[in-house]
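What follows is each chain in one-letter form.
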Amino acid sequence: MEYVDPIKDVRKITAIKRILKKQSLRDLLLFVFGINTGLRVSELLSLRVGDIWEDGKFKEFLYIKDAKTAEERAFYLNQNVRDAAKHYLETFDFSADDYLFKSKKNQQPISRQQAYRIINCAAKEVGIEGKIGTHTLRKTFGYHAYRKGIAISILMNIYHHHSPGETLRYLGIDKNESLPVKVDVNL
């Protein structure tokens, strides 16, 4: 796998969302889901509607068995994910067994290559020069979580890393870099 960068500029993230919203609500949901949960693209593409929707409402947490460790992990579905999912799911008649990121050609999920094209093209359209791919979503999640005050130990656990330095390198953060961290306890 080639090294990719997180999207560090929030204005670029907003611009990508605008582009994807015009293009496809499914593509917007893919982007929003990825940058707000940190799921791997393989995990995203295997999701079914029933994984996030039950009894007429969205679940608060998505539970996934980790591919590497086989342990069940919980991912919080924040309001941005739920809003994007709501708008997307209103556009078609779905069942709980439908893939969330269903291809327009058949009943299967979109391919990893298609997910890559969606993310890469939108990033290039907003002028992002770095290396962008589907893994960018996972790294973007971690970068912004860290910048908003999430403990490096929590991110290490999410990424299955063995040291804070490994996680900081993965997220594209220089440990000597002095960036203010936003600890927002919004009580």
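For the structure itself, look to the data block above.
Summary of the structure given here. Computed from a predicted structure; not experimentally measured.

This paragraph deals with the packing of aromatic side chains. Inspection of every chain in the model, using the stated rule, returns eight aromatic pairs. Ring geometry for tryptophan 53 against phenylalanine 58: centres 4.7 Å apart, planes inclined by 80°, an arrangement best described as edge-to-face. Note on tyrosine 159 and tyrosine 170: the rings are 4.7 Å apart at their centroids and 55° apart in plane angle, and the pair reads as tilted. With tyrosine 159 in helix H8 (residues 152-159) and tyrosine 170 in helix H9 (residues 164-170), this pair connects stretches of sequence that are 11 residues apart. Each member of the pair, tyrosine 159 as well as tyrosine 170, carries the same accessibility label: buried. In textbook terms, an aromatic cluster arises when at least three aromatic residues are bridged by ring pairs, as seen for Trp53, Phe58, Tyr88, Phe92 and Phe94. For arginine 48, the ring lying beneath its charged end belongs to tyrosine 99, and the centroid distance is 3.9 Å.

The next point concerns the nonpolar core. Core analysis: the largest hydrophobic core is formed by 42 residues, its most contacted members being Phe33, Leu100 and Phe101. Counting only elements with at least two residues in this core, the list comes to helix H1 (10-23), helix H2 (25-37), helix H3 (41-45), helix H4 (49-52), strand E3 (61-65), helix H5 (79-89) and helix H6 (112-125). Per-element tally for this core: the top contributor is H2, with seven residues. Residues in contact with phenylalanine 33, not counting those within four places in the same chain, are Gly38, Leu39, Leu44, Leu47, Ile52, Leu62, Leu77, Val81, Leu100 and Phe101. Counting residues in each nonpolar core, the second largest holds 10 residues, with Phe141, Tyr143, Ala145 and Tyr170 among its members.

Each value, and the rule that gives it
Residues numbered from 1 in each chain as written. Predicted model: local features only at pLDDT ≥ 70, side-chain atom pairs only at ≥ 80, totals over all residues. Heavy atoms only, no water. Phe/Tyr/Trp six-rings, centres within 6.5 Å; stacked < 30°, edge-to-face > 60°. Helix = DSSP H or I, 4+ residues; strand = E, 2+ residues; numbered from the N terminus. Buried < 20%, exposed > 50% of the residue type's maximum accessible area, 1.4 Å probe, protein only. Lys NZ or Arg CZ within 6 Å of the ring centre and 35° of its normal. Core = buried A, V, L, I, M, F, W, Y, C linked by side-chain atoms within 4.5 Å. Contact = heavy atoms within 4.5 Å.

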